[in-house]
Amino acid sequence: MAKKLVEAITSMEEDFAQWYTDVVKKAELMDYSSVKGCMIFKPDGYALWENIQSELDKRFKETGVRNVYMPMFIPESLLQLEKDHVEGFAPEVAWVTKGGLNDLQEKLCVRPTSETLFCDYYKNAVESYRDLPQVLNQWCSVVRWEKETRPFLRSREFLWQEGHTAHATAQEAEERTQQMLNVYADFCEDYLAMPVIRGKKTEKEKFAGAEATYTIEALMHDGKALQSGTSHNFGDGFAKAFGIQYTDKENKLQYVHQTSWGMTTRLIGAVIMVHGDDSGLVLPPKLAPTQVMIIPVMQKKEGVLEKAAWLKDVLSNYRVKVDDSDKSPGWKFSECEMRGIPVRVEIGPKDIEAGCAVIVRRDTREKIQVSLDEINEKVGQVLENMQREMLERAREHRDAHTSVADTYEEFKEAVANKPGFIKAMWCEDEACEIKIKEETTATARCMPFAQEQLSKQCVCCSRPAKKMVYWGKAY
RNA sequence: CGGGGUUUAGCUAAGUUUGGUAUAGCGCUACUUUCGGGAAGUAGAGGCCGUGGGUUCAAAUCCCGCAACUCCGACCA
């Protein structure tokens, strides 16, 4: 691990929560606003979201998704149609009760999620099997009146995408649910260099109104888990509550089967906590809004700025910038590191004379002197290596922080002393899940698709085990 | 929503115990010298001391509300 160069950032070891806040501020990703729990995305923070958005959107569209936009308000009567759903969200919705100076006839909630609006739409849009499937998505913000907020991880208004689909058969809905979870998982691993565990939520942890919830779970640097994306299969529950029926080929009325799936700006928090170090943010090259920062040294010397501009041109197939502000080079180096820019190129009179430049990799701080003739190719290699090695390193960290517990004693010991995932068998009785949570604070993160038979007994009650579960403390 | 902490210039803080002209460092502006890991000098600008009440001749300071931020729980993406 590289040594700490910037005093303004608290070290992770000392205080992880403070480290996180320091990085978020120092990397200029966000500011607090005057509305409690609502944050300001600054340009560098919003640029991360824009990149996530465009890459995900591209991947969605490859699977046939189309974008729409629904209203941001939901009439109270509509929200209440599905019982589990309204019970799940009621404690945290914000209400609009006035329009101008007058009370509204029916109060409107600010959407906490839009299942009800999509259902209301599908009720009319779907008549025949020919209208199916409906595979729609929207990019928007939603509001949940959270008690405790943290930048990117939990705010009262957050940005996300929510996909909502309707299908003719249960099987088709199930396939779409899993397909989107895989899109999410591939995106996290390939684009964010963040390894995830794919699995199913327990009954207790599943989404309000869902038949099944699938999740991807990532492990943060401090050993806490972060739910990074979810995909829900609703079966025909919402269809029955909202009356969404179609006529099949045999001219019989059938209920549709629905799914929904979402990812949020919380992913930015995940990237910070998976890859960051004591000098600040570390961005995977594919995600980084600026991939290469050129820092001229002795920039007032004749020819230096010109050479830097020339270099920018040479490297123009990457997202490249020149820092020609009149700060000292040392300042600019630190600034680059705090902001997580993957590659820094130093160019000064000495380099120009020698026909080379120094390239420095953010994650390892490795410095390489390269000839200007081959710098374009070298930078490309460094970016590629960095993307790959960041994923490998995160995977190694996760594996090193995953333990196995056969007995309840081992389990308690692991929660207390080994931050990270704990793999253990479970009988599928909610009583054990609740007991574990109350006694250890660890929750069932997911039942992974890749099941292993660790033992024959439930880690909690010793009755026959049915599922292997990843447990952990979560954000 | 429960428990702690914090709130004074753009940032970090001192000053509050014991009421009496609002301070410092960094940052910012201008100029000069600098420049390979947060450079220096000179001259400037910048504050309703979170907010609303109260006590007092006098409040950053004492008293009572409220709010925001932050951390730990509970809830959640």
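Everything below is about the structure printed above this text.
Rules and cut-offs
Residues numbered from 1 in each chain as written. Chains lettered and ligands numbered in written order. Predicted model: local features only at pLDDT ≥ 70, side-chain atom pairs only at ≥ 80, totals over all residues. Heavy atoms only, no water. Helix = DSSP H or I, 4+ residues; strand = E, 2+ residues; numbered from the N terminus. Rg over C-alpha atoms; globule rule 2.2 N^0.38 Å. Buried < 20%, exposed > 50% of the residue type's maximum accessible area, 1.4 Å probe, protein only. Contact = heavy atoms within 4.5 Å. Lys, Arg positive; Asp, Glu negative; His and termini not counted. Charge placed at Lys NZ, Arg CZ, Asp CG, Glu CD. Near = heavy atom within 4 Å. Polar contact = N/O pair within 3.5 Å; in protein donor to acceptor, adjacent residues only side chain to side chain. Core = buried A, V, L, I, M, F, W, Y, C linked by side-chain atoms within 4.5 Å. Axes fitted to C-alpha atoms, helices over the stretch in contact; angles between N-to-C directions. Left-handed = near helix turned anticlockwise from the far one by under 90°. Parallel < 35°, antiparallel > 145°, perpendicular 65-115°, else oblique. Nonpolar A, V, L, I, M, F, W, Y, C, P; charged D, E, K, R; others polar. 1 Å grid on protein atoms, 1.4 Å probe; cavity = no way out; pocket = protein on both sides within 12 Å on 5 of 7 lines; lining within 4 Å. Points joined across faces, edges and corners; volume = space filled by probe spheres on them. Salt bridge = Lys/Arg side-chain N within 4 Å of Asp/Glu carboxyl O. Phe/Tyr/Trp six-rings, centres within 6.5 Å; stacked < 30°, edge-to-face > 60°. Lys NZ or Arg CZ within 6 Å of the ring centre and 35° of its normal. Pairing = 2+ DSSP bridges.

**Student:** How should I be thinking about the overall build of chain A in this particular structure?
**Tutor:** From N to C terminus, chain A includes 14 helices and 23 strands. In terms of C-alpha radius of gyration, chain A reaches 25 Å, essentially the compact-globule figure of 23 Å for 475 residues. Projected onto its principal axes, the C-alpha positions of chain A cover 80 × 55 × 50 Å. Burial analysis of chain A (475 residues in total) assigns 54% to the buried set. Residue pairs at least 24 apart in sequence account for 69% of intrachain contacts in chain A once pairs closer than 6 positions are excluded. Separation between the mean location of the 64 positive side-chain charges and that of the 75 negative ones in chain A comes to 1 Å.

**Student:** It is not clear to me how the protein's contact with RNA strand B should be interpreted in this structure. Could you clarify?
**Tutor:** Around RNA strand B lies a shell of 45 residues, among which Tyr 32, Gln 227, Arg 266, Trp 331 and Asp 351 are the nearest. Per the 4 Å cut-off to the protein, sugar and phosphate atoms form 44% of the nearby atoms of RNA strand B. Between RNA strand B and Glu 337 there is a distance of 2.6 Å, counted from a base nitrogen to a side-chain nitrogen or oxygen. In this structure, Arg 344 approaches RNA strand B through a side-chain N or O atom, which is 2.6 Å from a base oxygen. Elements with a contribution of two residues or more to the surface near RNA strand B: helix H1 (16-26), helix H10 (329-338), strand S17 (343-347) and helix H11 (349-354). In terms of residues, the surface near RNA strand B owes the most to one element, H10, which gives 8 residues.

**Student:** Hey, could you run me through the nonpolar core in this one?
**Tutor:** Within the largest apolar cluster, 56 residues are counted, with the highest numbers of intra-cluster contacts made by Phe 152, Leu 192 and Ile 272. Secondary structure elements with two or more residues in this core: H1, strand S2 (39-41), helix H2 (43-62), strand S7 (134-143), helix H6 (170-190), strand S10 (212-219), strand S14 (257-264) and helix H8 (266-275). Residues in contact with Leu 192, not counting those within four places in the same chain, are Ile 52, Phe 187, Leu 267, Val 271, His 275, Pro 284, Leu 287 and Gln 387. Counting 26 residues, the second-largest nonpolar core is a separate cluster that includes Ile 74, Leu 78, Cys 109 and Ile 244.

**Student:** Could you clarify how one ought to interpret the packing of H1 against H8 in this entry?
**Tutor:** The description of two packed helices rests on the angle between their axes and on the distance between the axes. At their nearest, the axes of H1 and H8 sit 11 Å apart, and the two run at 115° to each other. By crossing handedness, the relation of H1 to H8 is classed as right-handed. Taking contact as the criterion, the partners of Phe 16, Trp 19, Tyr 20, Val 23 and Val 24 in H1 are, on H8, Gly 269, Ile 272 and Met 273.

**Student:** What should I look at first to understand the packing of H2 against H6 in this one?
**Tutor:** Where H2 contacts H6, the axes come no closer than 11 Å and their chain directions differ by 140°. Between H2 and H6, the angle falls in the class oblique. The handedness of the crossing between H2 and H6 comes out as right-handed. Only Met 180, Val 183, Tyr 184, Asp 186, Phe 187 and Asp 190 of H6 make contact with H2, whose side of the interface consists of Ile 52, Glu 55, Leu 56, Arg 59 and Phe 60. Along the lines of polarity and charge, the residues of the contact of H2 with H6 split into 7 nonpolar, no polar and 4 charged.

**Student:** Teacher, can you tell me more about empty space enclosed by the protein here?
**Tutor:** Picture a little ball the size of a water molecule; that probe, rolled over the atoms, points out where space is still empty. In total, this model carries 2 cavities of 30 Å³ or more according to the counting rule given. A volume near 50 Å³ is recorded for the largest cavity. If you go around the largest cavity, the residues you meet are Cys 336, Glu 337, Ile 341, Pro 342, Arg 344, Val 360, Arg 361, Arg 362 and Arg 365. When contributions to the lining of the largest cavity are tallied by element, the ones reaching two or more residues are H10 and strand S18 (356-361).

**Student:** Please explain the pattern of salt bridges as it appears in this structure.
**Tutor:** This structure, assessed with the given rule, holds 33 salt bridges. A salt bridge links Glu 189 to Arg 198; the shortest N-O distance between them is 4.0 Å. The exposure class of Glu 189 is buried, given its relative accessible area of 17%. Between Lys 201 and Glu 217 there is a salt bridge, with the nearest N and O atoms lying 2.9 Å from each other. Here Lys 201, found in the loop between strand S9 (197-200) and S10, pairs with Glu 217, found in strand S10; they are 16 residues apart in sequence, far enough to count as distant. Its relative accessible area of 3% is what places Lys 201 among the buried residues.

**Student:** What is the right way to read the packing of aromatic side chains from this model?
**Tutor:** One pair of aromatic rings is described through two measures. These are the centre distance and the angle between the planes. Summed over the entire model, instances satisfying the criterion amount to 20 aromatic pairs. Between the aromatic rings of Trp 49 and Trp 139, the centroid separation amounts to 5.8 Å while the plane-to-plane angle is 70°, which identifies the pairing as edge-to-face. Pair noted here: Trp 49 is in helix H2 and Trp 139 is in strand S7, with a separation of 90 residues, a long-range link. The same class applies to Trp 49 as to Trp 139, namely buried. Consider the rings of Phe 187 and Tyr 191, whose centres lie 5.2 Å apart with planes at 20°: the pair is stacked. The rings of Trp 49, Phe 60, Trp 139, Tyr 184 and Trp 261 are connected pair by pair, giving a single aromatic cluster. Over the aromatic face of Tyr 475 sits the side chain of Lys 224, whose NZ or CZ is 4.4 Å from the ring centroid. Between Arg 344 and the ring centre of Phe 333, over which it is positioned, the NZ or CZ distance is 4.1 Å.

**Student:** What am I meant to see in the layout of surface pockets here?
**Tutor:** Looking at the largest pocket, its volume works out to about 1200 Å³. Taken together, 42 residues form the lining of the largest pocket, with Glu 92, Arg 144, Glu 146, Gln 227 and Arg 266 sitting closest to its centre. Counting only elements with at least two residues in the lining of the largest pocket, the list comes to helix H4 (83-89), strand S8 (157-167), strand S11 (225-235), S14, H8 and strand S22 (443-448). Looking at side-chain class alone, the lining of the largest pocket contains 13 nonpolar, 16 polar and 13 charged residues.

**Student:** Even after reading the chapter, I still don't get the sheet that holds S18, so can you show me in this structure?
**Tutor:** Each strand in a sheet pairs with its neighbour through backbone hydrogen bonds, running either in the same direction (parallel) or in the opposite one (antiparallel). Strand order in the open sheet formed by 5 strands is S16-S15-S17-S18-S19, and the pairing between neighbours is mixed. If you trace the sheet from one side to the other, it starts and ends with strand S16 (320-322) and strand S19 (367-371), each paired once. Ignoring which end each strand starts from, the neighbouring axes of this sheet average 25° apart. In the packing of helix H9 (residues 304-314) onto the sheet, the strands contacted are strand S15 (292-296), S16 and S17, and the crossing angle to S15 comes to about 165°. On the sheet, H10 packs against S15 and S17 and is oriented at approximately 170° with respect to S15.

These figures capture arrangement, not role.
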